[in-house]
Amino acid sequence: MKIIAVLLAWPLVAFAQAEAGTHELVGQVGSRAALLTLNATQRADGGWQLTGEYVLLPMQQRRFVQGESSPEIGVTTLSEGETPILFGRPASGELRGIWRAGRFHGTRYGPGGQERERFEFSASFPSLDAYSAKVRCEARADDGSAALDYVVQAGKVRSFQWIAHAGAASCRVADPLQEPMSGGIRLAADGCRITLRDLGESLRVAAEGCSEQCQAPARLEPLLVDRRGRCELFRPQPR
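Residues numbered from 1 in each chain as written. Predicted model: local features only at pLDDT ≥ 70, side-chain atom pairs only at ≥ 80, totals over all residues. Heavy atoms only, no water.

A. Region of interest: the nonpolar core. By size, the foremost hydrophobic cluster in this structure holds 33 residues, and its most contacted members are Tyr131, Leu148, Tyr150, Phe160, Trp162, Ile194 and Leu196. For this core, the element with the highest residue contribution is strand β12 (residues 156–166), accounting for 5 residues. Setting aside its immediate chain neighbours within four residues, Ile194 contacts Phe160, Trp162, Val173, Ile185, Arg186, Leu187, Val205, Ala206 and Ala207. Counting residues in each nonpolar core, the second largest holds 17 residues, with Leu36, Val65, Phe104 and Phe121 among its members. (Core = buried A, V, L, I, M, F, W, Y, C linked by side-chain atoms within 4.5 Å. Buried < 20%, exposed > 50% of the residue type's maximum accessible area, 1.4 Å probe, protein only. Helix = DSSP H or I, 4+ residues; strand = E, 2+ residues; numbered from the N terminus. Contact = heavy atoms within 4.5 Å.)

Written out as structure tokens, the structure is:
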């Protein structure tokens, strides 16, 4: 049985504004916070090919999705599985819902078509304008470690330092400048950009373009910071 998901998507005007590239949406699947990432590639007929994943938090359970969206009425089909390559493999479920004006909501079904749980995602991440915290935490793994130390008052970063180690190699970003950002906090230093975003259960701290701040093979791997100020490496795994 072919497992699909239907997104009764945007009106034509809104859907025409979709862009190729990576789109992130935050929300919930059932009672669990989740992060959905979709990579969109436009087809010759004007429709969209979609691949990606969603991650259930705080356990970091990863489920892969792939499908396509038609150019005329925005109907989208997705299938869900436990590996990036879903063709020829058993599906673990499907998502059916409506994707309109940056909001994707509906019902998740099991592989037999049984209704499992409601879900809702939004492209608008919660504001961090009122966020205040003093965080000093460390995350460790067999292949390295990371230490995060920052102070934020009412959305304004007062101090920030992020250090990562992989053997004798290290990365370090200290006191980057804060830039305007809706739905999060963005910091920048010499081409390196760091974003803090509220995922519901925790904050994700992620870096981009920070190779100049690192000695290979060390890198600034994304971190999750919970409400108590504890952090862990963001390393989603198939359930």
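B. Representation of the pairing of strand β11 (residues 144–153). Of the pairings in the sheet, the one linking strand β10 (residues 133–141) to β11 comprises 9 bridges and is antiparallel in character. The residue of β11 that forms the bridge with Lys134 is Val151. Bridging between β11 and β12 involves 9 bridges; their strand directions are antiparallel. Across the sheet, residue Leu148 finds its bridge partner in β12, namely Trp162. Hairpin connection, β11 to β12: the antiparallel pair is bridged by 2 residues, and Ala154 has positive phi, about 50 degrees. (Pairing = 2+ DSSP bridges.)

C. Structural view of the packing of aromatic side chains. Under the counting rule described, the total for this entry stands at 5 aromatic pairs. With a centroid separation of 4.7 Å and 70 degrees between ring planes, the pair formed by Phe104 and Phe119 is classed as edge-to-face. Of the two residues, Phe104 sits in strand β8 (residues 103–109) while Phe119 sits in strand β9 (residues 115–122), which places them 15 residues apart along the sequence. Exposure class is identical for Phe104 and Phe119. Each is buried. Geometrically, the ring pair formed by Tyr150 and Phe160 is stacked, given 6.0 Å between the ring centres and 15 degrees between the ring planes. (Phe/Tyr/Trp six-rings, centres within 6.5 Å; stacked < 30°, edge-to-face > 60°.)

D. Seen up close, the pairing of β12. When β12 meets strand β13 (residues 169–174), the two strands line up antiparallel, connected through 6 bridges. Within the sheet, the bridge partner assigned to Ala164 lies in β13 and is Cys171. Adjacent in sequence and paired antiparallel, β12 and β13 are bridged by 2 residues, among which Gly167 carries a positive phi angle near 65 degrees.

E. How the structure looks around the sheet that holds strand β14 (residues 177–179). Pairing in this open sheet of 6 strands is antiparallel, and the strands run β14-β15-β16-β17-β18-β19 from one edge to the other. Of all strands in the sheet, those with a lone pairing partner are β14 and β19 (231–233), marking the two edges. Looking at each pair of strands side by side, their axes are set apart by 25 degrees on average, direction ignored. Relative to strand β17 (residues 202–208), strand β16 (residues 192–198) runs antiparallel, the two being bridged by 6 bridges. In the strand pairing of β17, Thr195 is matched with Ala206. (Axes fitted to C-alpha atoms, helices over the stretch in contact; angles between N-to-C directions.)

F. Fine view of the state of the cysteines. Enumeration according to the criterion identifies 3 disulfides in this entry. The partner cysteine of Cys137 in its disulfide is Cys231, sulfur to sulfur 2.4 Å. Because the torsion about its S-S bond is 120 degrees, the bridge between Cys137 and Cys231 counts as right-handed. One end of the pair, Cys137, is in strand β10; the other, Cys231, is in strand β19, with 94 residues separating them in the sequence. (Disulfide = S-S within 2.5 Å.)

G. Quick peek at the confidence of the model for the protein chain. Taken over all residues, the pLDDT of the protein chain has a mean of 87, while the share at 70 or more is 90%. In this model residues 1–17 is a low-confidence stretch, pLDDT under 50, and it forms 51 contacts with partners more than four residues away in sequence or in other chains. (pLDDT = per-residue confidence, 0-100.)

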